[in-house]
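Structural features, examined
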Amino acid sequence: MATTTKQAKNKAAGTGRSPKSAGVHLAQVATSFIEDAIREGRYAPGHRLVEADLARDTGRGIGPVREALRLLAGEGVIELIPFKGARIRRLERQDLIAILQVLKGLGYAGLHLVAELVAQRQRDTAEIDRAMDVIRASARRTNAATFMMRVGDFHSVLHALSGNEYLDKVSRTMHLNLFHRELAVFLPIEDWDGYVAAYERIAAALVAGDGDTAVAAFLRHMDRLIARLRAGAEF
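An account of the accompanying structure is given in this report. (Residues numbered from 1 in each chain as written. Predicted model: local features only at pLDDT ≥ 70, side-chain atom pairs only at ≥ 80, totals over all residues. Heavy atoms only, no water.)

**Concerning helix 9 (residues 176-186)**
For helix 9, the buried fraction is high: eight of the 11 residues fall into the buried class. For helix 9, every residue scored as buried is listed here: Leu176, Leu178, Phe179, His180, Arg181, Glu182, Leu183 and Ala184. (Buried < 20%, exposed > 50% of the residue type's maximum accessible area, 1.4 Å probe, protein only. Helix = DSSP H or I, 4+ residues; strand = E, 2+ residues; numbered from the N terminus.)

**Comments concerning the pattern of salt bridges**
With the rule as written, the count across this model stands at 13 salt bridges. Linking Asp133 and Arg136 is a salt bridge whose minimum nitrogen-to-oxygen distance equals 2.4 Å. In this pair, Asp133 and Arg136 are both assigned in helix 6 (residues 126-138), three residues apart and thus about one turn of the helix distant. A relative accessible area of 43% means that Asp133 is categorised as partly exposed. (Salt bridge = Lys/Arg side-chain N within 4 Å of Asp/Glu carboxyl O.)

**Topic: the packing of aromatic side chains**
Applying the stated criterion across every chain, the model contains five aromatic pairs. Both rings, one in Phe147 and one in Tyr195, keep their centres 5.2 Å apart while their planes meet at 80°; by these two values the pair is edge-to-face. Pair noted here: Phe147 is in helix 7 (residues 144-162) and Tyr195 is in helix 10 (residues 192-207), with a separation of 48 residues, a long-range link. Of the two residues, Phe147 and Tyr195, both sit in the buried class. (Phe/Tyr/Trp six-rings, centres within 6.5 Å; stacked < 30°, edge-to-face > 60°.)

Fair warning: the whole summary comes from geometry, so function is off the table for now.
Written as structure tokens, this is what we have:
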């Protein structure tokens, strides 16, 4: 556990804040620790969170840990159960559909913004190509949850390229690492080539500065995921 404590303290140091600063900054250490554990697969949906263990692993007191749990409960990441404590929330099928519907809107905005900037030669498309390379490399070489997180990374790159900081802010508050892991449970990928091909079409249109085509390909892909979830079928 010494390693995890050191990692948490280093994360706090990386923020440029003093460990003795306001309580909300101390709570952020515990919040980041939990978010990282979800992303890395150490905390699966349903995992019970013990305040004493979190305080030990993050090197912070019970107070900041409790504040972190309250923050994450408010954002829908964990559940606070009376007399039982906290656990990582399990997303239901309808939750996943609702999140995908929101992501359609974020994707629509981000794709159009990036394509417009590319068409005006204000953005280098190399980052899009690199992000697409990661998706290709991840397909079949990792589990479905990790692959979907790499797809999420592709959209993070687009948010950065869009020049609109609020796209990334909104997506961060949605805690999409948990979403991607749960989506992989409900929709295990059978057609890896088809999934990658959908993003090949999106990336190619972006590189060409064609926002309409990129958005159309993206919305078709998202609608297919939503339809599969509603039908209870695999991708």
